Every structure is written in structure tokens, then in C-alpha cells.
Amino acid sequence: MTPLALAREAACLSEEMVKLAHAQAWETLAETERRRAAVLARLSLNGLSDSATPEFVDLLKQIQRCDSDVRSHVEPWMASVKTLLAGLQSSTKPK
């Protein structure tokens with residue numbers, strides 16, 4: 001697969017991650033994130049043509065925007081889980 005094709009696939013998975021974060025589908029989001037990580041691990045600039053570079057850069061920027069959007073949904077959820085776990089931990093301590 002070419003670098004551009006891999007970047008397109010990663011961008012598509014990133015868009016899916018945004019939808020999943022909005023829907024609070026955390027398990028599916030985590031699986032999609034693992035799939036995207038596997039795609040990104042294969043990404044290399046070797047073989048990227050000069051004519052493909054602008055689209056490649058745009059795709060990387062799109063992935064970054066998606067990550068920011070996902071974080072804006074995941075971080076509040078993580079904070080609430082942390083608070084819940086802290087409450088459970090304190091309620092199970094012997095008195």
C-alpha cells in the first residue's frame with residue numbers, strides 16, 4: 001500500500017472514531033483506534049511522490065483535527081470514571 005493510501009485509510013478510521021466518540025461507543029472506539037494504530041505503524045514517507053505530498057499533509061492535519069475532537073469527548077468521560085473509581089475505592093476502605 002502506498003503512503004498516500006495508508007494516510008487515506010487512517011483518515012477514514014479517524015473520522016469513524018469521531019462518530020464513535022460522539023455516540024459514546026467506547027469499546028468500538030478503542031477497537032477502531034487499535035486498527036488505526038496498525039495502519040499508522042505501516043506508514044512511511046518512502047515512496048511518497050512529490051505530487052502526493054500536499055494531499056498527504058492535508059490528511060495528517062485531518063487526523064490531528066479528528067484526534068482533538070475525540071479527546072474533547074473522551075477526557076470528560078475519563079474524568080468521571082476516575083471520580084467514580086476514587087469514590088468506590090474510598091467506600092471499600094476498612095473503617
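One can find the structure itself at the top, above this paragraph.
Residues numbered from 1 in each chain as written. Predicted model: local features only at pLDDT ≥ 70, side-chain atom pairs only at ≥ 80, totals over all residues. Heavy atoms only, no water.

Chemist: Would you mind going over the overall build of the chain with me for this structure?
Modeler: Of the regular secondary structure elements, the chain holds three helices and zero strands. Taken over the C-alpha trace, the chain has a radius of gyration of 18 Å; the compact-globule value for 95 residues is 12 Å, which it surpasses by more than 25%. On the principal axes, the C-alpha backbone points of the chain span a range of 70 × 20 × 15 Å. A total accessible area of about 6,600 Å² is found for the chain, and carbon and sulfur atoms account for 57% of it. Averaged over its 12 positive side-chain charges, the chain has a centre that lies 8 Å from the centre of its 12 negative ones. (Helix = DSSP H or I, 4+ residues; strand = E, 2+ residues; numbered from the N terminus. Rg over C-alpha atoms; globule rule 2.2 N^0.38 Å. Areas by Shrake-Rupley, 256 points an atom, 1.4 Å probe, with all protein chains shown as cover. Lys, Arg positive; Asp, Glu negative; His and termini not counted. Charge placed at Lys NZ, Arg CZ, Asp CG, Glu CD.)

Chemist: Before we go on, may I ask you to explain unusual backbone geometry in this structure?
Modeler: In the Ramachandran plot, Gln24 falls in the positive-phi region, its phi being about 55° despite a non-glycine side chain. In this fold, Gln24 is placed in the loop between helix H1 (3–22) and helix H2 (26–41). Residue classification places Gln24 among the exposed residues on the basis of a relative accessible area of 55%. (Buried < 20%, exposed > 50% of the residue type's maximum accessible area, 1.4 Å probe, protein only.)

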